[in-house]
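Here are the chains, one letter per residue:
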Amino acid sequence: MPEIAAGSGVQTERDRTRQQEKQAFLGMKLVETICCLICAGLHIQGFLHYPEPFPHEMLFCGLYASYFLISFYSFLFLYKGCCELNYTVEAIVSGAAFLLFVVSAFVSMYHAEKDIHLQYLTDEEEWYHPFFVYCRLQSLGATITAQMFLVHCSLALDLAGLLDRWFGRLGGRRSVAEGGFSTEDGQASGRLKINPFWMPAWKAILKRLPCDCKTESSG
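Residues numbered from 1 in each chain as written. Predicted model: local features only at pLDDT ≥ 70, side-chain atom pairs only at ≥ 80, totals over all residues. Heavy atoms only, no water.

- Per an unreviewed UniProt entry, the protein chain carries the name MARVEL domain-containing protein and comes from Anopheles gambiae.

Laid out in structure tokens, this is it:
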């Protein structure tokens, strides 16, 4: 009987950890979807500026639209439980997105630097030129989105154990999977939990709801 109780406790703890991981990835996918949508909106607005529109670049429209769809549908599939979390796939997709969005940010400012109209303007006149404003906003949006994908990739690599495997060896020790850590390190690693950033605010909102809503939510 004690063994059965211990086994059920371990399973409950694993389910709780998986639920926390799911909430963390759902939050990141939602933010990434919004960021990609903002980048696409900025690009469309700059493209519709008829006096001097954005040049035809498949990098921008293809990147923003494709990763908007990838983030949106992966959010829906994960929320509905259609697929399980695969840390390797998450790391590859988000890592590629980080590199591509960084490239798009540099390409956007490259167009602003090489624009023939901006070359003959002063710094103050260039700052308020519509083409430069759109390029700057698009580059800024792509940079922020790239940082979000970098956080996503780092978390996926960490949960997959790859960061521990790579950098643990650089530090002169083996990974947890290889049995290189002490018992204290293993216990400390087991106490680490993923706490989504919106959970404290959500709990504070639930406390202010009527009694019936709090009972249903807690149940």
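Further notes follow.
## A few points about the overall build of the protein chain
Part 1: Within the protein chain one finds 9 helices and 0 strands.
Part 2: Residue pairs in contact within the protein chain that sit at least 24 positions apart in sequence constitute 76% of those at least 6 positions apart.
Part 3: Accessible area of the protein chain: about 14400 Å², with a carbon and sulfur share of 65%. (Helix = DSSP H or I, 4+ residues; strand = E, 2+ residues; numbered from the N terminus. Contact = heavy atoms within 4.5 Å. Areas by Shrake-Rupley, 256 points an atom, 1.4 Å probe, with all protein chains shown as cover.)

## Structural notes on the UniProt feature "transmembrane region" (unreviewed entry) in the protein chain
Part 1: UniProt records the feature "transmembrane region" (unreviewed entry) at residues 24-44, 56-79, 91-111 and 131-157, using the numbering of this structure.
Part 2: With 100% helix and 0% strand, residues 24-44 has its two end C-alpha atoms placed 31 Å apart.
Part 3: Helix makes up 100% of residues 131-157 and strand 0%, with an end-to-end C-alpha separation of 39 Å. (UniProt positions renumbered as here; feature names shortened; annotations may be inferred.)

## Topic: helix α3 (residues 87-114)
Part 1: Its 28 residues give α3 an end-to-end C-alpha distance of 40 Å, which sits within 8% of 40 Å, the value for a rise of 1.5 Å per residue.
Part 2: Taken as a whole, α3 has its buried residues at E90, A91, S94, G95, A97, F101, S104, A105, S108, H111 and A112.
Part 3: A distance of 3.2 Å separates the backbone nitrogen of T88 from a side-chain oxygen at the start of α3, and that oxygen is part of N86. (Expected span 1.5 Å × (residues − 1). Buried < 20%, exposed > 50% of the residue type's maximum accessible area, 1.4 Å probe, protein only. Polar contact = N/O pair within 3.5 Å; in protein donor to acceptor, adjacent residues only side chain to side chain.)

## Some words on the pattern of salt bridges
Proximity of charged atoms lets side chains of opposite charge pair with each other.
Part 1: Here the structure, examined in full by the defined rule, presents 1 salt bridge.
Part 2: The partner of K29 in a salt bridge is E90, with the nearest N and O atoms 3.0 Å apart. With K29 in helix α1 (residues 2-47) and E90 in helix α3, this pair connects stretches of sequence that are 61 residues apart. We note that K29, like E90, is buried. (Salt bridge = Lys/Arg side-chain N within 4 Å of Asp/Glu carboxyl O.)

## Points about the packing of aromatic side chains
Part 1: Using the criterion set out here, one finds 10 aromatic pairs in the structure.
Part 2: Ring centres of F68 and F72 lie 6.1 Å apart, and the angle between their planes is 15°; this geometry places the pair in the stacked category. Note that F68 and F72 are positioned in helix α2 (residues 58-80) at a spacing of 4 residues, about one turn of the helix.
Part 3: Relative accessible area serves as the criterion here: at 33%, F72 is assigned to the partly exposed category.
Part 4: Clustering of aromatic rings is evident, with ring pairs tying together F60, Y64, Y67, F101 and F149. (Phe/Tyr/Trp six-rings, centres within 6.5 Å; stacked < 30°, edge-to-face > 60°.)

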